[in-house]
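# Observations on chain architecture
Each chain, written out:
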Amino acid sequence: KLPGYRSSVHAQLLHFCHQYVEMDEGVNCLEWTRKLFCHPTHVTQEPLRASYEEAVSKIKNRWRQRMPNFYEGLDIWSDIFSWRVNCFEFSSFYQKTEKNSLVFHDKAWTIIQLSKHARHSNCYNSALLILSKIMCMKRMDARDFYLRIKEQVAIAKMNVNDDENSPMAALKQAAAAVGAVGALPG
């Protein structure tokens, strides 16, 4: 039970506990990845693969349900989202030969959620900078592409500056991305 009187010390302690839980779950995810993909003899074992997919799916679902509240600062969640993205990058490194990577969608989704939290915190330039990390991804799901453009438009509607990160610049960037996808063959 939390004490009746709360102070900044309590908030910091809860933040450290949250970071510990996130790191523990991430290490479990990485351990499962190492077990399955670093040992070639395990790759063909279907029970291990099923256990891996179940364990990683549970962790991803917990991470999706554990999202920032509107009153929490960007500084608290940027570390946590960065940890999640690093876990996804490590897992995808070992799954690069897999057709159905479990982390294909989650890295982009996590970056978009961090950008959304930055936008809600009125940190528009940070939100655009965070979204720019998605641009270097080699593969992206169509849903993630749509969510990225939707977030760029939302940032553009709220941002009133007339600089390179202005609403018009963000809309032009989104339109250029749509045009690039339309120009792809097939």
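These remarks concern the structure in this document. The model shown is predicted, which means the values in this text are computed figures rather than measured ones.

### As for the pattern of salt bridges
Where charged atoms from two side chains of opposite charge approach closely, those side chains can pair. Within the structure shown, the criterion is met by 8 salt bridges. For R66, the salt bridge identified is with E25, shortest N-O distance 3.0 Å. In this pair, R66 sits in the loop between α3 (46-65) and α4 (74-94) while E25 sits in helix α1 (residues 8-37), placing the two residues 41 residues apart along the sequence. For R66, a relative accessible area of 21% gives the class partly exposed. Accessibility expressed as a relative area gives 5% for E25, which makes it buried. Sharing partners across several salt bridges, the network here consists of E22, E25, R62, R66 and R84.

### Focus on the environment of E151
Mapped onto the elements of the fold, E151 is located in helix α7 (residues 142-158). A residue is classified by how much of its surface remains accessible, and E151, at 4% relative accessible area, is buried. Sequence spacing of E151 and I112 is 39 residues, and the spatial spacing of their C-alpha atoms is 7.4 Å. Apart from the residues within four sequence positions on either side, E151 is in contact with S115, K116, R119 and L131.

### Points about helix α5 (residues 106-120)
For α5, built from 15 residues, the straight-helix expectation of 21 Å at 1.5 Å per residue is met to within 8% by its first-to-last C-alpha distance of 21 Å. Looking one or two residues past α5, N122 carries a phi angle of roughly 65°, positive in sign.

### Regarding the side chain of S115
The topology assignment puts S115 in helix α5. Not counting residues within four places of it along the chain, the set of residues in contact with S115 comprises A127, I130, L131, E151 and I155.

### Topic: helix α6 (residues 124-132)
Along α6, the residues classified as buried are Y124, A127, L128, I130 and L131. In a view along the axis of α6, the buried residues occupy a sector of 160°, so they form one face of it.

### Some words on the state of the cysteines
Across all of its chains, the model carries 0 disulfides by this definition. With no disulfide of its own, C29 lies 6.1 Å from the sulfur of C87, the closest cysteine sulfur. Judged by its relative accessible area of 2%, C29 is buried.

Conventions we followed
Residues numbered from 1 in each chain as written. Predicted model: local features only at pLDDT ≥ 70, side-chain atom pairs only at ≥ 80, totals over all residues. Heavy atoms only, no water. Salt bridge = Lys/Arg side-chain N within 4 Å of Asp/Glu carboxyl O. Helix = DSSP H or I, 4+ residues; strand = E, 2+ residues; numbered from the N terminus. Buried < 20%, exposed > 50% of the residue type's maximum accessible area, 1.4 Å probe, protein only. Contact = heavy atoms within 4.5 Å. Expected span 1.5 Å × (residues − 1). Arc of directions from axis to C-beta. Disulfide = S-S within 2.5 Å.

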